[in-house]
Amino acid sequence: MISSKIGHSLDPFILKVYRVLPMGKTISPNALTLLGAVVAFAAALVILFGRPVLGAFVLAFSGLLDLMDGALARSTDRITPFGGFLDSVLDRYSDLLIMGAILIRFAAEGNMFDVIATCIAAIGVALIPYVKARADAAGLPSNTGLLERPERIIILLCGLCFGLLHYAILVLAVLTHVTVLQRIIHAKSPSLG
């Protein structure tokens, strides 16, 4: 939703931020992708050890790196099929590491309802890009749905920052599966006629 409305219009701003960072102009888009995944792993560890607000800031930095890799690839004409593939795979690892850390935190607190909700949300988080990839591979339309990755990260950031993680997970547990259904229906619609 955010991605489809904003697209790459933030690239100039993101590239300005990139140029200010200590890495300068020496890092490749794929290296930024890997760095973003490492930072997401760090965010998961911070969340796991009970520091949700700090975890939110580390997760936000990981998200910024994820935006930078694409902006850098586009601006330097270094878009490659492997780069897109690597970005997608590492995004899945990042998403599921964060969900796993949240699940373990809820389990450590003995909160089984939230553990189950987190499992359901994690399944939805994993299925959204899978459904898109399968539809794309079959030549079916798939670019629709309420929760793409930016919306999911924003919901998690709000939950982590404001002590509303229980509610954020409930929202994800419902809306990720609504998004999966939207994509399935959208992919089916051309063949209905």
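Here goes a summary of the coordinates provided. It should be emphasised that the depicted structure is a prediction, and the values quoted were computed from it without experimental measurement.

Moving on to the overall build of the protein chain. When you go through the protein chain residue by residue, the secondary structure sums to eight helices and zero strands. The secondary structure elements of the protein chain, listed N-terminal to C-terminal, are α-α-α-α-α-α-α-α. Its C-alpha atoms give the protein chain a radius of gyration of 17 Å, within 12% of the compact-globule value 16 Å for 193 residues. Projected onto its principal axes, the C-alpha coordinates of the protein chain cover approximately 55 × 50 × 25 Å.

On to the pattern of salt bridges. One side chain can pair with another of opposite charge once the charged atoms of both are near each other. Under the criterion given, the structure shown has eight salt bridges. Asp95 is paired through a salt bridge with Arg92; the nearest N and O atoms lie 3.3 Å apart. Of this pair, Asp95 and Arg92 both sit in helix 5 (residues 81-108), separated by three residues, roughly a single helical turn. Connected via shared salt-bridge partners are Asp66, Asp91, Arg92, Asp95, Arg149 and Arg152.

Along the polypeptide, Arg149 turns up in helix 7 (residues 149-161). Overall, Arg149 belongs to the buried group, its relative accessible area being 15%. Side chain to side chain, Arg149 and Asp66 meet in a polar contact 2.8 Å long. Other than its neighbours up to four places away in sequence, Arg149 contacts Asp66, Asp91, Arg92, Ser94 and Asp95.

Within the element layout of this structure, Phe61 appears in helix 4 (residues 52-75). The spacing of Phe61 and Gly139 is 78 residues in sequence and 34 Å in space, taken between C-alpha atoms.

One finds Ile98, Ile102, Leu156 and Ile169 to be the most contacted residues of the largest nonpolar core, which totals 40 residues. When residues in this core are grouped by element, the largest group, seven residues, is from helix 4.

So, on to the packing of aromatic side chains. The tally for this structure, following the rule as stated, stands at one aromatic pair. Where Phe82 meets Phe85, the ring centres are 6.1 Å apart and the plane angle is 45°; that geometry is what we call tilted. Residue Phe82 and its partner Phe85 are located together in helix 5, separated by three residues, close to a single helical turn. Here Phe85 falls in the exposed class, since its relative accessible area comes to 52%.

Let's shift gears to helix 5. With 28 residues, helix 5 extends 41 Å between its outermost C-alpha atoms, agreeing within 8% with the 40 Å of an ideal straight helix rising 1.5 Å per residue. Every buried residue of helix 5 is accounted for by Gly83, Leu86, Asp87, Leu90, Asp91, Ser94, Asp95, Ile98, Met99, Ala101, Ile102 and Phe106. Close packing links the buried residues of helix 5 with helix 3 (29-48), helix 4, helix 6 (112-137), helix 7 and helix 8 (165-188). Directly after helix 5, the chain includes Gly110, whose backbone phi takes a positive value near 75°.

About the cut-offs
- Residues numbered from 1 in each chain as written.
- Predicted model: local features only at pLDDT ≥ 70, side-chain atom pairs only at ≥ 80, totals over all residues.
- Heavy atoms only, no water.
- Helix = DSSP H or I, 4+ residues; strand = E, 2+ residues; numbered from the N terminus.
- Rg over C-alpha atoms; globule rule 2.2 N^0.38 Å.
- Salt bridge = Lys/Arg side-chain N within 4 Å of Asp/Glu carboxyl O.
- Buried < 20%, exposed > 50% of the residue type's maximum accessible area, 1.4 Å probe, protein only.
- Polar contact = N/O pair within 3.5 Å; in protein donor to acceptor, adjacent residues only side chain to side chain.
- Contact = heavy atoms within 4.5 Å.
- Core = buried A, V, L, I, M, F, W, Y, C linked by side-chain atoms within 4.5 Å.
- Phe/Tyr/Trp six-rings, centres within 6.5 Å; stacked < 30°, edge-to-face > 60°.
- Expected span 1.5 Å × (residues − 1).

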